[in-house]
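A structural walkthrough
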Amino acid sequence: MTTISTYEGCTILKESLTIAAVQTPLRSESIAPLEAARVAERMMRDAAKEVNELRGTSSNENQNQIDLFILPELAPLGYSEYTFSEFLMSSTMSDIDLLVQIQKDIESVFVKVARDLNAFVSYGAVTIKSDYDDIKQRIDDVNIDHAFKISQVVLNPEGEQLSRYDKIHLCNYGDCAETRFFNPGTIDNICSFKCREFNVGIIICADIRDPMLCRSLAGSKHNVDLILQPAAFSRDLSFRTWKSFAETRAVENSVYFCGINYSGENYGESIFIRPWVDEENEPKILGIDSSVLIGKVERNYLDKIRNEMPFHKRLLN
């Protein structure tokens, strides 16, 4: 059974959004991407069942209480040297076709989860930079180095793709060397989506170190209530400051913030933060085990903080 950690916040709710950060294992070389997707699927279904039981509602999946599931950066395909070498180092169209098919199979898993649980599902994917049909018109031995982007896809409860964000700030420090394989997204790719009655924005991993990206999401154009940060944060030189940045982004923008990492000894510590942090509102942080962090975004608490603190008002002026 999946271990879940809840973070309910206020007991009197006006409007709320329940999210589940799925701290899934990083895919190993011996596990196929589709099987990794199945692992994530089981974790999501188990979490939905446990939340229903905790809240005293039906264990029927159709009565699922979780509105949004989020997986880490590039999950379930995986963020690792062997994943990149296996799928991104080739220069033939047959390998591109294989990657496209694998990701279609992964998508089909999450489409079913979204429909069965009547929930939004956000997962990681590799996006081909150029138009796929345009690439196929070229000769088979075309050099397709750096033809990829790190993306996060959002499916709505009908299983349709609602949004896709391409990572803007690639990481080339610590354990990362992303520009060997990927091209960055562009600033006009900043996007948000409507989840129930809340606005949700996405950044990916190292994007967190650009304060203006989150401020753009929290500003008048997107006016997000929650920022998601799927990540592949290994315990390198940047790990210690990750949660400091996450708390800052939440507080300075008066938004909820959720960082989702892989499980394992070298990863872990997914985090859920309310729009104000103090001794009575500490972030909720997982350990290193495979588990699901349940967070609740509350409209009444958002309104309270935004009325009492000046930060959000400045963003909208």
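Everything numeric here is computed off the predicted structure, so don't read it as measured data.

Our next topic: the pattern of salt bridges. When charged atoms on two side chains of opposite charge get close, those side chains can pair. Inspection of the entire model under this criterion finds 19 salt bridges. Between R38 and E41 there is a salt bridge whose closest N-O contact spans 3.5 Å. Taken together, the residues span about one helical turn, with R38 and E41 both in helix 1 (residues 33-54) at a distance of three residues. The class of E41 is buried, set by a relative accessible area of 12%. Residues R306 and D225 are paired through a salt bridge, measuring 3.1 Å at the closest nitrogen-oxygen approach.

For the rest of this paragraph, the subject is the layout of surface pockets. Taken as a whole, the second largest pocket encloses approximately 170 Å³ of empty space. Lining the second largest pocket are L26, Y79, S80, E81, Y82, F84, D175, C176, A177, A232, S234 and Y267. Looking at the lining of the second largest pocket residue by residue, the classes come out as eight nonpolar, two polar and two charged.

Note on placement: D67 falls in the loop between helix 1 and strand 3 (68-70). The exposure class assigned to D67 is buried, which follows from its relative accessible area of 13%. Separated by 2.8 Å, the side chain of D67 and the backbone nitrogen of T18 make a polar contact. Not counting residues up to four positions away in its chain, the partners in contact with D67 are S16, L17, T18, A119, F120, C195 and R196.

Those residues of helix 7 (residues 299-308) that sit buried are R299, Y301, L302, I305 and R306. The arc enclosing the buried residues of helix 7, seen along the axis, measures out at 165°, which places them on a common side. Close packing links the buried residues of helix 7 with strand 8 (198-202), strand 10 (256-260), strand 13 (291-298) and helix 8 (311-316).

Counted by the stated rule, this structure contains one cavity of 30 Å³ or more. Size it by volume and the largest cavity reaches roughly 60 Å³. Partitioned by chemical class, the residues of the lining of the largest cavity number seven nonpolar, two polar and two charged.

The next thing to look at is the nonpolar core. Ranked by internal contacts, the top residues of the largest apolar core, which has 103 residues, are F69, L88, F110, F182, L226 and L228. Examining the composition of this core, we find that twelve residues originate from one element, helix 3 (residues 93-117), more than from any other. Residues within four places of F110 in sequence aside, it is in contact with A37, A40, M44, L71, P76, V121, Y123 and L155.

Time to look at the packing of helix 1 against helix 3. In contact at an axis separation of 9 Å, helix 1 and helix 3 are set at 10° when each is read in the N-to-C sense. Considering their axes alone, helix 1 and helix 3 lie roughly parallel with respect to each other. Touching P33, L34, A37, R38, A40, E41, M44, R45 and A48 of helix 1 are I102, D105, I106, V109, F110, K112, V113, D116 and L117, all from helix 3. For the contact of helix 1 with helix 3, the residue count by class is twelve nonpolar, no polar and six charged.

Because an α-helix completes one turn every 3.6 residues, residues spaced three or four positions apart along the sequence face the same direction. Within the span of helix 5 (residues 211-218), buried status applies to L213, C214, L217 and A218. Taken around the axis of helix 5, the buried residues stretch over an arc of 135°, which confines them to a single face. The inward-facing, buried residues of helix 5 contact strand 6 (161-166), strand 8, strand 9 (226-230), helix 6 (239-253) and helix 8.

The rules behind the values
Residues numbered from 1 in each chain as written. Predicted model: local features only at pLDDT ≥ 70, side-chain atom pairs only at ≥ 80, totals over all residues. Heavy atoms only, no water. Salt bridge = Lys/Arg side-chain N within 4 Å of Asp/Glu carboxyl O. Helix = DSSP H or I, 4+ residues; strand = E, 2+ residues; numbered from the N terminus. Buried < 20%, exposed > 50% of the residue type's maximum accessible area, 1.4 Å probe, protein only. 1 Å grid on protein atoms, 1.4 Å probe; cavity = no way out; pocket = protein on both sides within 12 Å on 5 of 7 lines; lining within 4 Å. Points joined across faces, edges and corners; volume = space filled by probe spheres on them. Nonpolar A, V, L, I, M, F, W, Y, C, P; charged D, E, K, R; others polar. Polar contact = N/O pair within 3.5 Å; in protein donor to acceptor, adjacent residues only side chain to side chain. Contact = heavy atoms within 4.5 Å. Arc of directions from axis to C-beta. Core = buried A, V, L, I, M, F, W, Y, C linked by side-chain atoms within 4.5 Å. Axes fitted to C-alpha atoms, helices over the stretch in contact; angles between N-to-C directions. Parallel < 35°, antiparallel > 145°, perpendicular 65-115°, else oblique.

So, to be careful, I would describe these as geometric facts and stop short of saying anything about function.
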